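# Chain and residue survey
Residues per chain are reported as follows:
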Amino acid sequence: MTAAIQVTDLHKRFGTTVALDGLDLEVATGEIHGFLGPNGAGKSTTIRILLGLLRSDGGSASLLGENPWQDVETLHRRLAYVPGDVALWPNLTGGQVIDLLGNLRGGLNERRRAELLERFDLDPTKKGRSYSKGNRQKVALVAALASDVELLLLDEPTAGLDPLMEAVFKDTARERRDEGVTILLSSHILSEVESLCDRVSIIRDGRNVESGSLTQLRHLARTTVDATLAQPLTAEELATVPGLGDVVLTDHHVVCTVESTHLGQLLELLGRHGIRSLTSAPPTLEQLFMAQYRGAPSSLGGSEADPSAPEAATTR
């Protein structure tokens, strides 16, 4: 598929702080792509470069075949952006803000606008100063999702939304994806990314350390196995299987984690003892994420944070 976003060897410094250190990123047209990393990994810096708000120090970035720094005016009619902390004009109503933003992008789909207002349970007649954080977020989401654009750049888009509205967002994002819209989703809510995204990229210290579908990234963590056996199993027998961890063994019952390359060897051993019940769970996105960041306290602490772009740090 044609790449809607193509980033190659992107660099950006803020004084002595390295925000991006040779970042590569490719987002295919018509997919929802998760963009993951803790505070200071470089996510918001990347998005600001893609929006033409920052100029990179090196490398290249292309959106929809255009240069985000040189072609910013035409690109902003083809894309919509939702930040994690939305500020509205205090004296404009929510509906006026939605229409203003939509007109800047070349117009709104009026049917979709009305439908989204109902689904997000948003009163468009209230003025911006009266909205809660969650309702300000809804205004930005309706404006973006109702626009006839090709690309959505979403940076923590559900910040401040309750679980019901998060579910509405997920449904709407999938619908836009199915209509051919490309979505780059930066989020700390790993369950949201896991349920929504076709592919993910995990960045660390300004570099892309892993990209692919969740299936392709399963090798980054262990599979959990919980088995009840007809015949007791000894610790010595288990020790013959490499790659085991977190073992809890009580005669006929064993719970452990195993590296995927050794899963077959473990199942063969368990089969010789007569399997009465067995559950096997692949690693979650949270486990995949933590597998990359385990042993990297400087990144998790956010010491490399972009000083112009503080990010939220909520994972749930």
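My aim in this report is to walk through the structure given alongside it, one point at a time. (Residues numbered from 1 in each chain as written. Predicted model: local features only at pLDDT ≥ 70, side-chain atom pairs only at ≥ 80, totals over all residues. Heavy atoms only, no water.)

Counting its secondary structure elements, the chain contains 11 helices and 13 strands. Put simply, the chain has 316 residues, and 47% of those count as buried. A total accessible area of about 14300 Å² is found for the chain, and carbon and sulfur atoms account for 50% of it. (Helix = DSSP H or I, 4+ residues; strand = E, 2+ residues; numbered from the N terminus. Buried < 20%, exposed > 50% of the residue type's maximum accessible area, 1.4 Å probe, protein only. Areas by Shrake-Rupley, 256 points an atom, 1.4 Å probe, with all protein chains shown as cover.)

Comment: phi is negative for the bulk of residues other than glycine, and the bulk of peptide bonds are trans. Positioned with a positive phi, Asp205 is a non-glycine residue whose angle comes to about 50°. Its location among the elements puts Asp205 in the loop between β8 (199-204) and β9 (207-212). A positive phi angle is found at Asp251, which is not glycine, with a value near 55°. The residue Asp251 is located in the loop between β11 (244-250) and β12 (253-258) in this model.

This next bit is on a nonpolar patch on the surface. There is a patch of nonpolar side chains on the surface, built from Trp89, Leu100 and Leu104 and spanning about 300 Å² of accessible area. For Leu104, the position within the fold is in helix α3 (residues 94-104). (Patch = residues over 30% accessible without salt bridge, like charges linked within 9 Å, V, L, I, M, F, W, Y side chains within 5 Å. Salt bridge = Lys/Arg side-chain N within 4 Å of Asp/Glu carboxyl O.)

If you walk across this open sheet you meet the six strands as β5-β6-β7-β3-β8-β9, and the pairing is mixed. Of all strands in the sheet, those with a lone pairing partner are β5 (79-82) and β9, marking the two edges. Each adjacent strand pair in this sheet contributes to an overall mean axis angle of 15°, direction not counted. Summarising the sheet, strand β3 (residues 32-36) and β8 pair through four bridges and their orientation is parallel. Looking at β8, one finds that Phe35 is bridged to Ser201. Where helix α5 (residues 133-145) meets the sheet, it contacts β5 and β6 (151-155), and its direction lies at approximately 170° from that of β5. (Pairing = 2+ DSSP bridges. Axes fitted to C-alpha atoms, helices over the stretch in contact; angles between N-to-C directions. Contact = heavy atoms within 4.5 Å.)

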